[in-house]
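Each chain, letter by letter, is given below.
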Amino acid sequence: MKHIGFLSFGHWSDSPGSRVRSASDSLLQSVELAVAVEELGADGAYFRVHHFANQLSSPFPLLAAIGARTSRIEIGTAVIDMRYENPLYMAEDAGAADLIAGQRLQLGISRGSPEQVIDGWRYFGYEPSEGEDDADMAREHARAFLEVLNGEGFAEPNPRPMFPNPPGLLRVEPHSAGLRDRIWWGAASRETAEWAAGQGMNLQSSTLVANDSAAGAGTPFHVTQAEHIRAFKDAWKAAGWQREPRVSVSRSIFPLVDAQDRTYFGGRGDDEDQVGYIDQRTQAVFGRSYAAEPDKLVEQLGRDEAIAAADTLLLTVPNQLGVDYNAHVVENVLKHVAPALGWR
């Protein structure tokens, strides 16, 4: 059995063929898609956060809106770029959204990915400390965020406050108990997966990972990703955490069940992993897409070692094709693929 949800980048464009023409369309359709997949029996609605782009950038109003319209599904991010975040203000936003949603948030955070602008976090007022880089800054912001989510007081109260204070040091409010255990780190390498385990965060792994397999170059994407998951679980056990961690992986999966599916995704030729560089130093493996008739998908996905090792599967959806078609994609996976693989 697996938690199955969707992951949307929230793109919008006024180009021909896009059913998401504006930021308003993207936000409102994101809410409607979450409502639709809950009705279909899916388990989650997740969103990617990007700045300086025609994509979703401020997740907490969206997550709160979805929380107010749904009652069961998990609502999350994959991921929030911590280079841009004020940890205390983020904790307030996250606490409020989680309480509105009935404590269903699952927040994926990370160092972020290549950006639309150069060092965009500088425009948000952040600079790495001397001797550190932006990745160090992201991890420091994450550590501060996690510490605040523990709910312990740390701020000295004013002896003459506007309103009476409770005794002792004060914490940021609202505080949502249990949210600390529902924070995930988006890791693309074995090293960062192990670091996430040491911090007590769950693991998110996307369709891109570092080409760092112990077996060397040419190792299939799903095998490398499964190695990262095993390293994460080993590090989690070594750290002595008492709860069971969660692991999610993302995949592009399109069952071809009707003419529209075949028009959009039939014969696309992207059924092989790709190797490339995401920056000057980092070689990465980009995982293949899956688009085929359901019986063939069952055979292909049954060999995916990383999906087998994860408890959560996020289906990356082409959000610009609109709510109805994306709900159709999720429904086809739930109905025609998941049961045969034991996911339902």
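To be clear, the structure that these remarks concern was listed above.
In this report, we go over the structure that sits alongside the text. (Residues numbered from 1 in each chain as written. Predicted model: local features only at pLDDT ≥ 70, side-chain atom pairs only at ≥ 80, totals over all residues. Heavy atoms only, no water.)

## Points about the sheet that holds strand β7 (residues 208-210)
Taken in spatial order, the three strands line up as β7-β11-β10 in an open sheet, and their pairing is antiparallel. In this open sheet, the two strands that pair with only one neighbour each are β7 and β10 (274-277). Here the average twist between neighbouring strands, direction ignored, is 35°. Alignment of β7 against strand β11 (residues 283-286), held across three bridges, turns out to be antiparallel. In the sheet register, L208 faces β11, and the bridge partner there is F286. Against the sheet, helix α6 (residues 221-239) makes contact with β7 and β11, and its axis sits at roughly 65° relative to β7, the strand it touches most. (Pairing = 2+ DSSP bridges. Helix = DSSP H or I, 4+ residues; strand = E, 2+ residues; numbered from the N terminus. Axes fitted to C-alpha atoms, helices over the stretch in contact; angles between N-to-C directions. Contact = heavy atoms within 4.5 Å.)

## Here's the deal with the sheet that holds strand β3 (residues 74-81)
Strand pairing in a sheet is mediated by backbone hydrogen bonds. Such pairs are either parallel or antiparallel. Taken together, the eight strands give a closed barrel; going around it, the order is β1-β2-β3-β4-β5-β6-β8-β13, and neighbouring strands pair in parallel fashion. Neighbour-to-neighbour, the strand axes of the sheet open up by a mean angle of 25°, direction not taken into account. Two strands pair when backbone bridges link them, and strand β1 (residues 3-8) and strand β2 (residues 44-47) are joined in this way by four bridges, in the parallel orientation. Among the inter-strand pairings, G5 is bridged to a residue of β2, identified as G44.

## Notes on the packing of helix α2 (residues 59-69) against helix α3 (residues 87-100)
Each pair of packed helices can be described by the angle between their axes along with the distance between the axes. Two numbers describe how α2 lies on α3: the axes approach to 8 Å, and their chain directions differ by 15°. With respect to their mutual orientation, α2 and α3 come out roughly parallel. Seen from above, α2 lies across α3 with left-handed handedness. Residues F60, A64, G67 and A68 of α2 lie in contact with α3, whose contacting residues are M90, D93, A94, A97 and I100. (Parallel < 35°, antiparallel > 145°, perpendicular 65-115°, else oblique. Left-handed = near helix turned anticlockwise from the far one by under 90°.)

## So, the pairing of β1
As a general feature of sheets, a regular strand has side chains that alternate between the two faces. Counting buried residues along β1, five of its six residues qualify, which places the element largely inside the surrounding structure. Both β1 and strand β13 (residues 312-316) contribute to a ladder of five bridges, which runs parallel. Bridge pairing in β13 links H3 to T312. Read from β1 through helix α1 (residues 23-40) to β2, the crossover connection turns out right-handed. (Buried < 20%, exposed > 50% of the residue type's maximum accessible area, 1.4 Å probe, protein only. Right-handed = clockwise from strand over helix to strand, strands pointing away.)

## Details of α1
Taking 1.5 Å as the rise per residue, α1 with 18 residues should run 26 Å; its terminal C-alpha atoms sit 26 Å apart, in good agreement. Taken together, the buried positions of α1 are occupied by S26, S30, V31, L33, A34, V35, A36, V37 and E38. Structurally, α1 contributes buried residues whose contacts are with β1, β2, α2 and α10 (323-337). (Expected span 1.5 Å × (residues − 1).)

## A closer look at the pairing of β13
Summarising burial for β13: five of the five residues are buried, a large majority. On β13, burial covers both faces: T312, L314 and T316 on one face and L313 and L315 on the other are all buried. Where strand β8 (residues 247-251) and β13 come together, four bridges link them in parallel fashion. Across the sheet, the residue bridging to R251 is L315, located in β13.

## Quick word on the pattern of salt bridges
Within the structure shown, the criterion is met by 20 salt bridges. R122 is paired through a salt bridge with D119; the nearest N and O atoms lie 3.1 Å apart. A salt bridge links R303 to E299, with the shortest nitrogen-to-oxygen separation between them at 3.4 Å. Of the two residues examined, R303 and E299, each falls in the exposed class. (Salt bridge = Lys/Arg side-chain N within 4 Å of Asp/Glu carboxyl O.)

## Quick look at the packing of aromatic side chains
Per the counting criterion, the structure on display carries 11 aromatic pairs. Between Y264 and Y325, the aromatic rings sit 4.9 Å apart at their centres with planes inclined by 70°, giving edge-to-face as the arrangement. In this pair, Y264 is assigned in helix α7 (residues 259-265) and Y325 in helix α10, connecting sequence segments 61 residues apart. A residue is classified by how much of its surface remains accessible, and Y264, at 29% relative accessible area, is partly exposed. Every member of this aromatic cluster is reached through a ring pair, and the members are F52, Y84, Y123 and F124. Across from the ring centre of W195, 4.5 Å away, lies the NZ or CZ of R139, which sits over that ring. (Phe/Tyr/Trp six-rings, centres within 6.5 Å; stacked < 30°, edge-to-face > 60°. Lys NZ or Arg CZ within 6 Å of the ring centre and 35° of its normal.)

## A short note on the environment of E244
Counting through the fold element by element, E244 comes out in the loop between α6 and β8. The spatial distance from the C-alpha of E244 to the C-alpha of L170 is 31 Å, given a sequence separation of 74 residues.

## Focus: the side chain of H51
Within the secondary structure, H51 is located in the loop between β2 and α2. For H51, a relative accessible area of 13% gives the class buried.

## What about α10?
One turn of an α-helix holds 3.6 residues; hence residues three or four places apart share an orientation. For α10, with 15 residues, the first-to-last C-alpha span of 21 Å sits near the 21 Å given by 1.5 Å per residue. The buried fraction of α10 is high, at 11 of 15 residues. Considered for burial, the residues of α10 that qualify are V323, Y325, N326, A327, H328, V329, V330, N332, V333, L334 and V337.

Any functional reading would require information that these geometric values do not contain.
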